[in-house]
Amino acid sequence: MEFKSTLIRIGNYEVNNSYSELVTKMTNTSIGVTVRHVISASDAYIVILKKDIVKAEISLQSCAPFIALTLSGVACGRVRKKLGMEDKGKFRFNSRSKNAEEKKFFIFIKEVGLTMLGVLQDYFTKNESLTAKDARNLLEISNIRTQLLLHEIGHYDSNLTKDDSSQSAIVAMIPRTHFAFQVRKIASFVYLFRERKVKKEVFSKYVDAVDTLEGVGDLFDANFWLREMVTDEMNSYIAKLKCSHCSKPGLLKCGNCKDVRYCSVECQVRDGDSHARVCQELRRKGKEGKKDILAIVDKFYTNNDGVTFEYFISKIRSRLHHLIRKYMLK
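Residues numbered from 1 in each chain as written. Predicted model: local features only at pLDDT ≥ 70, side-chain atom pairs only at ≥ 80, totals over all residues. Heavy atoms only, no water.

### Remarks on the environment of Ser-318
Right, so step 1: Following the sequence through the fold, Ser-318 ends up in helix H10 (residues 309-327).
Right, so step 2: Ser-318 gets classed as partly exposed once you look at its relative accessible area, which sits at 45%. (Helix = DSSP H or I, 4+ residues; strand = E, 2+ residues; numbered from the N terminus. Buried < 20%, exposed > 50% of the residue type's maximum accessible area, 1.4 Å probe, protein only.)

### A word on the packing of aromatic side chains
Right, so step 1: Throughout the structure, instances matching the rule amount to 16 aromatic pairs.
Right, so step 2: Measuring from ring centre to ring centre gives 6.3 Å for Phe-309 and Phe-312, while their planes differ by 35 degrees; the resulting arrangement is tilted. Of the two residues, Phe-309 and Phe-312 both sit in helix H10, 3 residues apart, roughly one turn of that helix.
Right, so step 3: Geometry around Tyr-123 places Lys-50 over its ring, the cationic atom sitting 4.3 Å from the centre.
Right, so step 4: The residue whose ring lies beneath Lys-200 is Tyr-311, and the NZ or CZ to ring-centre distance is 4.5 Å. (Phe/Tyr/Trp six-rings, centres within 6.5 Å; stacked < 30°, edge-to-face > 60°. Lys NZ or Arg CZ within 6 Å of the ring centre and 35° of its normal.)

### Description of the packing of helix H5 (residues 178-195) against helix H7 (residues 227-240)
Right, so step 1: Orientation of H5 relative to H7, taken along the N-to-C sense of each, is 100 degrees, at an axis distance of 11 Å. Considering their axes alone, H5 and H7 lie roughly perpendicular with respect to each other. Contacts from Phe-181, Arg-184 and Lys-185 in H5 reach Glu-228, Met-229, Asp-232 and Glu-233 in H7.
Right, so step 2: For the contact of H5 with H7, a count of residues per class yields 2 nonpolar, no polar and 5 charged. (Axes fitted to C-alpha atoms, helices over the stretch in contact; angles between N-to-C directions. Parallel < 35°, antiparallel > 145°, perpendicular 65-115°, else oblique. Contact = heavy atoms within 4.5 Å. Nonpolar A, V, L, I, M, F, W, Y, C, P; charged D, E, K, R; others polar.)

### Some thoughts on the nonpolar core
Right, so step 1: Counting residues in each nonpolar core, the largest one holds 55 residues, and the members touching the most others are Phe-66, Ile-153, Phe-189 and Phe-312.
Right, so step 2: Here this core takes 10 residues from H5, the largest share from any one element.
Right, so step 3: In this view, Phe-312 contacts Lys-185, Ser-188, Phe-189, Leu-192, Phe-193 and Phe-203; residues no more than four positions away in its chain are not counted.
Right, so step 4: Formed by 36 residues, the second largest nonpolar core is a distinct cluster that contains Val-15, Val-33, Val-38 and Phe-91. (Core = buried A, V, L, I, M, F, W, Y, C linked by side-chain atoms within 4.5 Å.)

Spelled out as structure tokens, the structure:
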């Protein structure tokens, strides 16, 4: 069986291949994944023998589903040698370490399908299915801040006090839902401005500096933004660039509802009576749709620096839309 991984964490060594997704392969006797060598940055294929897995802790009901493996001491040594960890002191991986951050091999799963649910439960003979609270605690002591944030925001309504009561309990199985995408966007915002304490002007200059389609990926933190989310943003914008009156490509936007577009002022005037009947409703729906999202944001971020979630998203979208118009709609 193969599945895509969003992140691999080996001890305190974190591997994220941006939008080139990591692939984990499982056979009857082993688990294999290609990661970066810590010194040369070349590809290194890591094989974990099933017999060397001492314990598997599994959390699938989350926006950050994962398998956390505890390996034998010998297996940890093989992984360290393969990745060059012993030659570069800052990276450590040892199941016997006193530091919880260095003990486990985490595989974060992009999508958990129904088939995978059964396979994972059957594959690991010594496994523990974690509750939402237990998964949060493990991510915290392992100091995996990005995935911890995803987990907390995804379970915001339960406060992690009950086993798996949150509305995100099935998000791992349907990661392309609107809710799952919004959780990831909120997490990227909170991580940037709360955890990393990036200043608004620094963020703004960074976004404005991206000036090629090849650099579009730099607008999005790959710890949170899935490739499908970026594609969705691009496709959504392109699909809306159609005149509401004549259906030709249109860049002009209604200043009130911010939803309907026109190819010219003339078409906007001609469509005036028809659009007036729906304009306020479109505006109302746009605001209503933001309320629940902003309520989640308020639970995790206090605006002390003039930065809002709406500004964060609009700034990224504005630059993305500019690049699309510049290079794709000539």
